[in-house]
Amino acid sequence: MKRHIASLSLMCALGLLAQERSIAAGGAIYCCESESGQRVCGNPLPNVCMGRAHRIIGANGMVIKEVAAPMSAAERAAAEREERRKELEAARRRSQQLQDRALLDTYNSVQDIDERERRAVNDFQQDLDKASRRMEELEKEAVRLTEESKLYADSDTPLDLKQAVNDNKAERAAQLTVIEAKQKSIEAVKARFDRDRERYKVLSGHGEASR
């Protein structure tokens, strides 16, 4: 990108130089303000005007052209950042257009979105309900195992009872992981369909959100 801007700057500079030489041949003069603010004019371009903004004035005293000063390093960097910002914005808009087209191709109506959301949530909800029921069973079993363990001193607890306690604890931890994952999946599904629904309303003319 830097090379691109530098090349454009060089081409513009060469073009302006050729144009100014042509104008100068017609009797025009160059005028600029020096660093001290003094007006300096001449033909050809005075040395003090080199690299500064200046005006080209015709023989009739009218301004033919105003020439901006070459960009500084900071200005070139700012121009590069602005060009990059515009490129990113253009890419974002293209991506949004593709997503919008896919959205309109996927759904027939807001009701269609509602129904697909209901089915998607229901699939996860069934798994969540199953895991929750299993967790209830394990918690009841944990209470029973705890009560049974109280009948023994720590050193006298049967090995199979200790193993049952450990197995119960491990399975409860596993079921908790499953439950949390299913809950997060349901939240993610609802959030996705909420976004699709709101965007669909905008694209179909039923919403007020901005594109």
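Calculation criteria
- Residues numbered from 1 in each chain as written.
- Predicted model: local features only at pLDDT ≥ 70, side-chain atom pairs only at ≥ 80, totals over all residues.
- Heavy atoms only, no water.
- Phe/Tyr/Trp six-rings, centres within 6.5 Å; stacked < 30°, edge-to-face > 60°.
- Helix = DSSP H or I, 4+ residues; strand = E, 2+ residues; numbered from the N terminus.
- Buried < 20%, exposed > 50% of the residue type's maximum accessible area, 1.4 Å probe, protein only.
- Axes fitted to C-alpha atoms, helices over the stretch in contact; angles between N-to-C directions.
- Parallel < 35°, antiparallel > 145°, perpendicular 65-115°, else oblique.
- Contact = heavy atoms within 4.5 Å.
- Nonpolar A, V, L, I, M, F, W, Y, C, P; charged D, E, K, R; others polar.
- Disulfide = S-S within 2.5 Å.

Here's the deal with the packing of aromatic side chains
Thinking step 1. Applying the stated criterion across every chain yields a total of 1 aromatic pair.
Thinking step 2. Ring geometry for Y107 against F193: centres 6.5 Å apart, planes inclined by 55°, an arrangement best described as tilted. Highlighted residues: Y107 in the loop between α2 (73-106) and α3 (110-149) and F193 in helix α4 (residues 159-203), separated in sequence by 86 residues.
Thinking step 3. Look at Y107 and you get buried, because its relative accessible area is 5%.

So, the packing of α2 against α4
Thinking step 1. For the pair α2 and α4, the least separation of the axes is 10 Å and the interaxial angle reads 95°. The angle between α2 and α4 places the two elements in the roughly perpendicular class. Facing α2, whose interface residues are Q96, D100, L103 and L104, α4 presents D196, R199, Y200 and L203.
Thinking step 2. The residue inventory of the contact of α2 with α4, partitioned by class, reads 4 nonpolar, 1 polar and 3 charged.

Let's talk about the state of the cysteines
Thinking step 1. For the structure on display, the rule yields 2 disulfides.
Thinking step 2. The disulfide that involves C31 links it to C41, with 1.9 Å between the sulfurs. On the sign convention where negative means left-handed, the S-S torsion of about 115° between C31 and C41 marks this disulfide as right-handed. A residue pair is termed long-range when its members are at least 10 positions apart, and C31 in strand β1 (residues 29-33) and C41 in strand β2 (residues 39-42) qualify at 10 residues.
Thinking step 3. The class of C41 is partly exposed, set by a relative accessible area of 38%.
Thinking step 4. Note that C32 is cross-linked by a disulfide to C49, the S-S spacing being 2.0 Å. Here C32 and C49 share a disulfide; its torsion about the S-S bond, -85°, makes the bridge left-handed. Here C49 lies in the loop between β2 and β3 (54-57) and C32 lies in strand β1, a separation of 17 residues in the sequence.

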